[in-house]
Every structure is written in C-alpha cells, then in structure tokens.
Amino acid sequence: MVQDEIAHGLARALQLEVVTRPQVPPRSLEAYDSFLRGLHAREGYNQAGFEEAVANFRQALRFDPNYVPAAEALARALADQAQWGFVPPRVGFERARAAAISALKLDSKSALLHAVLGSIHTWYDWDWSDAERELNTAVALAPNDPAVLLFAAEFPSAIGR
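Residues numbered from 1 in each chain as written. Predicted model: local features only at pLDDT ≥ 70, side-chain atom pairs only at ≥ 80, totals over all residues. Heavy atoms only, no water.

A. Region of the structure containing the nonpolar core. F35, F57, L74 and V116 are the most contacted members of the largest nonpolar core, which totals 39 residues. Residue assignment for this core shows that the elements contributing at least two residues are α2 (29–42), α3 (47–63), α4 (68–83), α5 (89–104), α6 (111–125), α7 (128–141) and α8 (146–158). Take this core: its biggest share by element is nine residues, from α4. Apart from the residues lying within four places of it in its own chain, the contact partners of V116 are A75, R76, A79, A100 and F151. (Core = buried A, V, L, I, M, F, W, Y, C linked by side-chain atoms within 4.5 Å. Buried < 20%, exposed > 50% of the residue type's maximum accessible area, 1.4 Å probe, protein only. Helix = DSSP H or I, 4+ residues; strand = E, 2+ residues; numbered from the N terminus. Contact = heavy atoms within 4.5 Å.)

So, in structure tokens, the structure goes:
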C-alpha cells in the first residue's frame, strides 16, 4: 500500500522502527462496518458510548466470529465500562476477562488482549505477579503499540511504584 511505503520511508528518514501487524480483513463488510461504528462510539468515553461500542463489537463478531480486532475491542470496551464505573466491577471485569480469554483462542499473540488481562489483574484482582506477567507479555509482543504501553504504564502507579 502507498501509505505503508510512505510510513516506512519516513521511519527510515527519522531512524524509527515501524512495526505493523498483518491485518486479516473480516469476512464481511457488515462486520467491518460494525467494528468501525464501535470504535467511533467508544471514543465518546461515556456510558452510552461504551454501551453502543460493546453492542457494535458483538454485532461484528456475529457477522464474523473470527474477526480478532473486534474481539480485542470488545474485551477492551468491557474493561473500560468497569474501570469508568458504568457497571459494577465484579460484572464488568469478569465480562472483560471472559471476552479476553475467549479472544486469545483466536489470537494467542494479541498484545492488546494480554494488556487487557494485565489491567484486570491490576485493578480488579490485585494480583501483581499475574498483572506483571501479562503486561510484560503484551509489551514484548508489541513494544511500540500506544494502547499496550498505556496499559503497562498504569501498572507501577497502581502498586505504588
């Protein structure tokens, strides 16, 4: 793609490392449309937006049950609902955990899913060793992913470091 060539050219000129994950397209345009609608809704960072995002990501997965980006986004949005206090922690974090574990069956090397699990271990389980393990795995898989790095950056402050 022209955009990839431009990005790689800029990275070479600036001496940056660009890491791209191969994108597997969804099997249907409806899945992709629902996924994009979910991403847009999630960016509202409010209760209605998170609810709409969860519904859209679930819809995308009904159209394409193997669409990893939608499965990742669902786990993250469910965790967001709990972290932002829009659902009770026990309900929200357990839903997020189930979604992340289920999605890892589709892609065991998903850095975002490991980061979501690390966040759940940090903020809900208070299980520092499992949190650190998941977050280290996430960073090892995607050391330049801003979402992964954000999750990892929360860990030290959560445990008082």
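B. Local environment of α7. Relative to the 20 Å expected for 14 residues at 1.5 Å per residue, α7 spans 20 Å between its end C-alpha atoms, a close match to the ideal helical length. When α7 is considered as a whole, its buried residues turn out to be A131, E134, L135 and A138. Buried positions in α7, seen along its axis, are confined to an arc of 95° and lie on one side of it. Turned more than 90 degrees from where α7 packs its buried face, S129 and A140 sit exposed. (Expected span 1.5 Å × (residues − 1). Arc of directions from axis to C-beta.)

C. Local environment of the packing of aromatic side chains. According to the stated counting rule, one finds ten aromatic pairs in the structure shown. Plain terms: the ring middles of W84 and F86 are 6.4 Å apart, the flat faces sit at 15° to each other, and that makes the pair stacked. Taking the relative accessible area as the measure of exposure, F86 reaches 27% and is therefore partly exposed. Grouping aromatic residues by their ring pairs yields a cluster made of Y32, F35, F57 and Y67. (Phe/Tyr/Trp six-rings, centres within 6.5 Å; stacked < 30°, edge-to-face > 60°.)

D. Fine view of the pattern of salt bridges. What the rule picks out here adds up to eight salt bridges. The salt bridge partner of D64 is R27, with a shortest N-O separation of 3.4 Å. Residue D64 is located in the loop between α3 and α4, and its partner R27 is located in the loop between α1 (2–14) and α2; the two are separated by 37 residues in the primary sequence. The salt bridge involving R133 is made with E134; its shortest N-O contact spans 3.2 Å. By relative accessible area, which is 43% here, R133 ends up partly exposed. It is possible to trace a salt-bridge network through shared partners that takes in R42, E43 and D80. (Salt bridge = Lys/Arg side-chain N within 4 Å of Asp/Glu carboxyl O.)

E. Expanded view of the packing of α2 against α4. Packing of α2 against α4 leaves a shortest axis separation of 10 Å and a crossing angle of 25°. Classified by the angle their axes make, α2 and α4 are roughly parallel. Considering how the two elements wind past one another, α2 and α4 form a crossing that is left-handed. On α4, the residues touching F35, L39 and R42 of α2 are P69, A70, A73, R76 and D80. (Axes fitted to C-alpha atoms, helices over the stretch in contact; angles between N-to-C directions. Parallel < 35°, antiparallel > 145°, perpendicular 65-115°, else oblique. Left-handed = near helix turned anticlockwise from the far one by under 90°.)

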